[in-house]
Amino acid sequence: MATPTHLNSCSSTTFTASSSFNNDTHHLSSRFVIVPRKPHSFTWVSHSQTRLRIHSKTHFHLKSSNGHPLNTVSLQDGSAGTPLPKKHVESRRKEGSLPLPESENSESTLSITVVGASGDLAKKKIFPALFALYYEDFLPKNFVVFGYARTKMTDEELRNMISRTLTCRIDKRENCEDKMDQFLKRCFYHSGQYNSEEHFVELNKKMKEKEAGKLSNRLFYLSVPPNIFVDVVRCASLRASSANGWMRVIVEKPFGRDSKSSGELTRCLKQYLTEDQIFRIDHYLGKELVENLSVLRFSNLVFEPLWSRNYIRNVQLIFSEDFGTEGRGGYFDNYGIIRDIMQNHLLQILALFAMETPVSLDAEDIRNEKVKVLRSMRPLQLEDVVVGQYKGHSKGGKSYPAYTDDPTVPKDSLTATFAAAALFINNARWDGVPFLMKAGKALHTKRAEIRVQFRHVPGNLYKRKFGTDLDKATNELVLRVQPDEAIYLKINNKVPGLGMRLDRSDLNLLYRARYPTEIPDAYERLLLDAIEGERRLFIRSDELDAAWTLFTPLLNELEEKKIVPELYPYGSRGPVGAHYLAANHNVRWGDLSGEDS
């Protein structure tokens, strides 16, 4: 990503928001939907009846942005912004934005535009994810992919660029090369400026040629720096939105630098889009183990009764990388590890972990519970935070650079490459339980995991067998998000033999052993959800507000007081201060025990 700039004001372009038909019916009851049986004839049915009509995954069926099939009308906007003007709604109805009969609906098209198509994210993640979805028949019959960027490029040059990153990793036995050729034939390119309505008019013309008069749904993926978001959304909404289907926009982080810039960005986006059209992506929410978190908790009786302060002593959310900024120093120095990892990835996982049981699996019900958690969190205090920065180090005859050795980083930079924090949730379930976060670069290992340490067994009959270190007798549930996805539970067990010797053992579910098929990349899952209109794994604006409300005062204090980060050697376990922070809350970091490092 390019170095971001502050967003000071929105475009002065006259507000003419573009919306799908599901945003045009704010007045309908939330208990019913309209299902067209034939032209000009509609019938009231319940939600449960409409669900029966959803096709299986093998026969892809596009849904509207509330998860229902495309031939139903959305009932609940869920938008935190201002509804679209009534005259705009009426004009959209005249243009045919209301759902078509099923026979016509089956001939809809999907146009996916990757804005910033020449960038690393597009090449390494987005195009490969789209190909994986195509390979497994998750994309609709009629779809095209457009790349849009300032770089001058032909369709063939785009295809050559994409082909270098596509792999046949899913199933090498079937005609992957043929599928790759078929996919590339559906990829096209248009060069243009991100703030040029004229260039988006030209893009729209190309899209219409490929859509051939069918009902058109359009998805825009913004793989560009945040200071360009509003220009792209303005041009796409005004000049390249669908006239008779839906339009959705995927926005990559960072979503601002603090509460003020984030709120300004949201306000500007909502001049052209409704909340339901904005899909703020956090790829960590698409990872398999994060998805499995709620399944593990809510569908296993053994865990849900234990999921509270009564049995859980502490929760640890750990993210570590074994490499430094390496070429991203210029970008990273503007954000630091707290904004880059903790305020989004780790906080989102915390909210999913700690939330109450939602009313249903509906996106809004789940996100409502996450917001409650975030709003219940105790304000972060400086004494509950440790920041660090990696320094140069020599090991095994090899020298590793310091963070400030990066030529794109100022020599006097105080940007943190490591942070640890103790957070608390002020509610009945979690009162007094420390949630410890730790994130850092240039550490001894690469990992992302959730560790749940349970309380000591009261009156433990075998405590003498553990000596004075009762922590060794603590049960611990570990969800390893990456690498080598796994779930394991640490239990105490008798070692076979005539004596009474206890051992700490793992009940281990290693994904690669239990499930031989390759786990889909997070971007595959999130792109498919955006296409289907499933918003459960995307961040709502009030979630974002609550997250920034928690971290902004801390970030301001760190910057105003010019807190100097504690130095730690490249490839080490991080600054010593992190150990003292954990000890202050009677906690020992689970990833430093040596048992599973």
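Only a predicted model underlies this, so the values are computations on that prediction, with no experimental measurement involved. Each chain has its residues counted from 1, running along the sequence as written. Only residues with pLDDT of 70 or above have their local features reported here, since the model is predicted, and side-chain atom pairs are shown and tallied only from 80 upward, although totals for entire chains, interfaces and linings are computed over all residues. Excluded from the side-chain calculation are hydrogens and water; included are all heavy atoms of the structure.

**Details of the overall build of the protein chain**
- Secondary structure follows DSSP: runs of H or I at least 4 residues long count as helices, runs of E at least 2 residues long count as strands, and numbering of each begins at the N terminus. Within the protein chain one finds 17 helices and 19 strands.
- Among the 597 residues that make up the protein chain, the fraction classed as buried is 56%.
- Restricting the contact set of the protein chain to residue pairs at least 6 apart, pairs at least 24 apart contribute 77%.
- For the protein chain, the accessible area works out to roughly 26600 Å², and carbon and sulfur atoms hold 51% of it. When accessible area is computed with a 1.4 Å probe and restricted to protein chains, residues below 20% of their type maximum are described as buried, those above 50% as exposed, and intermediate ones as partly exposed. Note on contacts: a residue pair is in contact if any heavy atoms of the two residues lie within 4.5 Å. Here the Shrake-Rupley method, with its probe set to 1.4 Å, supplies the accessible areas, and only the displayed protein chains count as covering residues.

**Looking at the sheet that holds strand β18 (residues 502-510)**
- Two strands qualify as a pair provided DSSP detects at least 2 bridges between them. Read from one edge of the open sheet, 9 strands run β18-β17-β16-β15-β9-β14-β13-β10-β19, paired in mixed fashion. This sheet does not close on itself; its edge strands, each paired only once, are β18 and β19 (566-569). Ignoring which end each strand starts from, the neighbouring axes of this sheet average 20° apart.
- Pairing of strand β10 (residues 385-391) with β19, which is carried by 4 bridges, proceeds in the parallel orientation. Note on β19: the bridge partner recorded for Tyr390 is Tyr568.
- The strands touched by helix α10 (residues 288-298) within the sheet are β15 (447-454), β16 (476-482) and β17 (486-494), with β16 carrying the most contacts at an inclination of about 150°.
- Interaxial angle, 0 to 180 degrees, is taken between N-to-C directions of lines fitted to C-alpha atoms, where a helix line uses only the stretch in contact. With respect to the sheet, helix α17 (residues 577-584) is in contact with β10, β13 (418-423), β14 (435-440) and β19, its orientation differing from that of β13 by roughly 5°.

**Notes on the packing of helix α13 (residues 363-375) against helix α16 (residues 541-560)**
- Two elements in contact, α13 and α16, have axes separated by 9 Å at closest approach and are oriented at 15°. Considering the angle they form, α13 stands roughly parallel to α16. Relative to α16, the crossing made by α13 is left-handed. Packed against α13, whose contacting residues are Arg367, Lys370, Val371, Leu374 and Arg375, the element α16 presents Asp542, Glu543, Ala546 and Ala547 at the interface.
- Along the lines of polarity and charge, the residues of the contact of α13 with α16 split into 4 nonpolar, no polar and 5 charged. Each angle is binned into one of four classes, with values under 35 degrees roughly parallel, values over 145 roughly antiparallel, values of 65 to 115 roughly perpendicular, and all other values oblique. The handedness criterion is simple: a crossing whose near helix is rotated anticlockwise from the far helix by less than a right angle is left-handed, and one whose near helix is rotated clockwise is right-handed. Side-chain classes are defined by residue name, with Ala, Val, Leu, Ile, Met, Phe, Trp, Tyr, Cys and Pro counting as nonpolar, Asp, Glu, Lys and Arg as charged, and the others, Gly among them, as polar.

**Concerning the packing of aromatic side chains**
- Classification of ring pairs rests on two measures: the distance between centres of Phe, Tyr or Trp rings, Trp counted by its six-membered ring, which must be within 6.5 Å, and the angle between planes, read as stacked under 30 degrees, edge-to-face over 60 and tilted in between. Summed over all chains, the structure comprises 22 aromatic pairs.
- Ring plane angle 80° and centroid distance 6.4 Å describe the contact between Phe303 and Trp307, whose orientation is recorded as edge-to-face.
- Note on Phe303: relative accessible area 13%, which makes it buried.
- In this structure Trp307 comes out as buried when scored by relative accessible area, which is 0%.
- Ring geometry for Phe353 against Trp430: centres 5.8 Å apart, planes inclined by 40°, an arrangement best described as tilted. With Phe353 in helix α12 (residues 336-354) and Trp430 in the loop between β13 and β14, this residue pair connects regions lying 77 residues apart in the sequence.
- According to the relative accessible area criterion, Trp430 is buried, its value standing at 0%.
- By way of ring pairs, the aromatic residues Phe332, Tyr390, Tyr400, Tyr403, Phe418, Tyr568 and Tyr570 are connected into one cluster.
- Lying over the aromatic face of Tyr335, Arg257 brings its terminal NZ or CZ to 5.8 Å of the ring centre.
- When the ring centre of Phe424 is taken as origin, the NZ or CZ atom of Arg378, which lies over that ring, is 4.3 Å away. Look at NZ for Lys and CZ for Arg. If either is within 6 Å of the ring centre and within 35 degrees of the ring normal, a charge sits over the ring.

**Quick notes on the pattern of salt bridges**
- Note on definitions: salt bridges are taken to be side-chain nitrogens of Lys or Arg within 4 Å of carboxyl oxygens of Asp or Glu. For the structure shown, the criterion picks out 33 salt bridges.
- Across the pair Glu275 and Lys270 runs a salt bridge whose closest N-O atoms are separated by 3.1 Å.
- On the accessibility criterion, Lys270 (15% relative accessible area) is buried.
- Salt-bridge contacts for Arg367 lead to Glu364; the nearest nitrogen and oxygen are separated by 2.7 Å. Here the residue Arg367 and the residue Glu364 both occupy positions in helix α13, the gap between them amounting to 3 residues, near one helical turn.
- Taking the relative accessible area as the measure of exposure, Arg367 reaches 3% and is therefore buried.
- Given a relative accessible area of 13%, Glu364 falls into the buried group.
- A cluster of three or more residues bridged by salt bridges with shared partners is formed by Asp276, Glu364, Arg367, Arg535, Arg540 and Asp542.

**Quick look at α10**
- Taken residue by residue, α10 has Leu289, Val290, Glu291, Asn292, Leu293, Leu296 and Arg297 as its buried positions.
- Its buried side turned inward, α10 meets α12, β15, β16, β17, α14 (511-514) and α15 (522-532).

**A short note on the confidence of the model for the protein chain**
- In the predicted model, the protein chain carries a mean pLDDT of 80, and the fraction of residues at 70 or more is 78%.
- Values of pLDDT, which run from 0 to 100, indicate the predictor's confidence residue by residue. Counting interchain partners and residues more than four positions distant, the pLDDT-below-50 stretch residues 1-8 has 21 contacts.

**Comments concerning the sheet that holds strand β3 (residues 109-115)**
- Read from one edge to the other, the open sheet built from 6 strands follows the order β5-β4-β3-β6-β7-β8, with strand pairing classed as parallel. Either end of the sheet is taken by a strand with one partner, and the two such strands are β5 (187-191) and β8 (278-281). Adjacent strand axes in the sheet meet at a mean angle of 20°, parallel and antiparallel pairs treated alike.
- As paired elements, strand β4 (residues 143-149) and β5 share 5 bridges and run parallel to each other. When the sheet's bridge partners are listed, Tyr148 is paired in β5 with His190.
- Contacts from helix α8 (residues 229-239) reach β3, β6 (216-222) and β7 (247-252) within the one sheet, and its direction differs from that of β7 by about 170°.

**Quick notes on the pairing of β7**
- A large share of β7 lies buried, amounting to 6 of its 6 residues.
- Neither face of β7 is exposed, since Met247, Val249 and Val251 on one face and Arg248, Ile250 and Glu252 on the opposite face are all buried.
- Inspection of the sheet shows β6 paired to β7 by 5 bridges, in the parallel sense. Pairing of Tyr221 across the sheet is with Ile250, part of β7.
- The path from the first strand over the helix to the second decides the hand: if it runs clockwise while the strands point away from the viewer, the crossover is right-handed. Each parallel crossover has a hand, and for β6 linked through α8 to β7 it is right-handed.

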